[in-house]
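Residue-level listing of the chains:
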Amino acid sequence: EMKMSVVSKKLWSVHKQLVLLLTPLLFLPLLFTLPEKEGKCLYVVVLMAMFWCTEALPLAVTAMLPVCLFPTLGILPSKKVCPQYFLETNFLFLSGLVMASSIEEWGLHRRIALKVLSIVGVKPAWLILGMMMTSSFLSMWLSNTATTAMMLPIANAILESLFGDLETLKQKSCTTAPKKNQFMTDGTEQSDTRTAEEIRSESQYQLKVWKGFLICIPYAASIGGTATLTGTAPNLIMIGQLKSYFPDCDLINFGSWFAFAFPLMLLFLFLGWIWIAFLYGGLNTRLCFKRHDRRAQAEARAKAVIDEDYRKLGPINFAEGAISFFFILFAVLLFTRDPKFVTGWSVFFKKGYVSDAVTGVIIVSILFFFPSQKPSLSWWFDPQGSNTPYVPLLSWKKAQDSVPWNIILLLGGGFAMAKGCEESGLASWIGGHLQPLAEVPPAAAVMLITAFLACFTEFASNTATIIIFLPVIAELAIHISVNPLYFMIPATVGCSYAFMLPVSTPPNSIAFASGHLMVKDMVKTGIVMNILGVLSVSLAMNTWGVAMFNLNMYPEWAQSINKSAVVTDVHFSSVQSLNATL
């Protein structure tokens, strides 16, 4: 037994190297048992899927594998693979990341967070709602990880003012000895007349609320990321693959995606809040009625902490005002470019020339030269005026340090993989084998797809998950003559719903690393969150989704793909019959 444990430990310490060596050998039969091009492409896809799920190689390095494997295996020439790594979608994403880094640089996100918290009040359930609203709003623009990393310290500061130190709380929740008096924060002694049992039950309640706080932030960040195209990578992967597969489909852009996904985010956020507040002890009569007791005193202290933190930020300075202006301009221009339901401003330019990427890059470029201090006219006329250094709102060094370039490579790897699946015929080959799913009613298929991807993404990164499954889902829709968007949108949103494990997404890991959450807390809360998410997406798709994207009919832009697939099949069968006669 001792030997076994030693061997297993040693194997675990080299498991990544073993995955790297054994996976290519294990899947070699794919090259010989399937049609040539499809088999080779499937081999590359399976390798990448295995490396992504196990993180045997860094995610971005795995994303670059198509550059060396597609040309060498004869799937795609390198001149077709390499451009996939910087499509216009990547420029839209890059502009979103740069905008986020300028918001972080000037601390605007912290001001927004504290303002919202001071408005919602400090009763636990309202505070959890405030935390969730703020986290979800910020993660629409910042990365989910950055949002969580910024919100957790704010949450901890509020919790300490509400309930005191976490370690003391943990001791109180286990203790049975009565405490006669305890010192208040200002040094005065306050007699504590409660019994040991009362102290213990109150401390346990407070620990529960603490957990609810920590868990709501990463969940709200994951939900918020789905509301905008730039909020999270899977949304961009979807629009990139949509443009690649269905060049005639122009239904989805920043504005139309927001009009669909924002109400969905609000619905899910509300359901998630009720569940988390219910589970962690925030839903009670105190929500609506004022009471003057110990909790009320603690809440007053917490309110003072939030107000004090906000006061320390001082009045809005010129740089914050400028960033706010460009941030709002960025959002408004993206929404109004071509919102579909009204005429957008893109009609002033040549049709099809100006995209969301162009808009994003225009605004972001301004940040690199717009001054961060108010320009002074008197300085020009004052000979004694000191020469103040000119500092723009954002320096390239700051952008370079704070933009996660690996995600851009990951997006590119996804587009390259999708291109390979499409050109090699692998996607339509898999789609043909999914024919049995045609029996499932489309509405049920939406729920199955969302639920499956929400479970799969617990174990793999959401970007890797959507890259692997989106081409297959698009082909499935074509084969059973359902509007491809009807399956692709829920699949994309479902990929962001990773709530059950600490390793599922970086926000979950950050919250878990605080040391107060247990895996069972996340699993217990996350299972219901996943179910609520699947139900919310199904509701959205079958109500306003159908109306917005005309989902109940098979569209023109997908029929051309069908015809080309049919032509290829006919051509292939005629070649086969010709060979047979020869």
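Just so it is clear, the model here is predicted, and its values are computed rather than measured. (Residues numbered from 1 in each chain as written. Predicted model: local features only at pLDDT ≥ 70, side-chain atom pairs only at ≥ 80, totals over all residues. Heavy atoms only, no water.)

With that settled, the discussion passes to the overall build of the protein chain. From N to C terminus, the protein chain includes 28 helices and 2 strands. For the protein chain, the residues scored as buried account for 49% of the 582 residues in total. Of the contacts formed within the protein chain by residues at least 6 apart in sequence, a portion of 77% connects residues at least 24 apart. (Helix = DSSP H or I, 4+ residues; strand = E, 2+ residues; numbered from the N terminus. Buried < 20%, exposed > 50% of the residue type's maximum accessible area, 1.4 Å probe, protein only. Contact = heavy atoms within 4.5 Å.)

Right, let's talk about the environment of L20 for a bit. Turning to its location among the elements, L20 is positioned in helix α2 (residues 15–26). In this structure L20 comes out as partly exposed when scored by relative accessible area, which is 29%. Note: C-alpha distance between L20 and M50 (30 residues apart in sequence) is 9.0 Å. Setting aside residues no more than four positions away along its own chain, L20 makes contact with F51, A56 and L57.

This part is about the UniProt feature "transmembrane region" (unreviewed entry) in the protein chain. The positions that UniProt labels "transmembrane region" (unreviewed entry) are, in the present scheme, residues 43–73, 123–142, 213–237, 257–281, 318–336, 352–370, 440–473 and 525–547. Across residues 440–473, the secondary structure splits into 79% helix and 0% strand, with the terminal C-alpha atoms separated by 14 Å. Along residues 525–547 the backbone is 100% helical and 0% strand, and the end-to-end C-alpha distance reaches 33 Å. (UniProt positions renumbered as here; feature names shortened; annotations may be inferred.)

For helix α18 (residues 356–367), with 12 residues, the first-to-last C-alpha span of 18 Å sits near the 16 Å given by 1.5 Å per residue. Looking at α18, one finds that the buried residues are D356, A357, T359, G360, I363, V364 and L367. Take α18 and look down its axis: the buried residues cluster within an arc of 160 degrees, on one side only. (Expected span 1.5 Å × (residues − 1). Arc of directions from axis to C-beta.)

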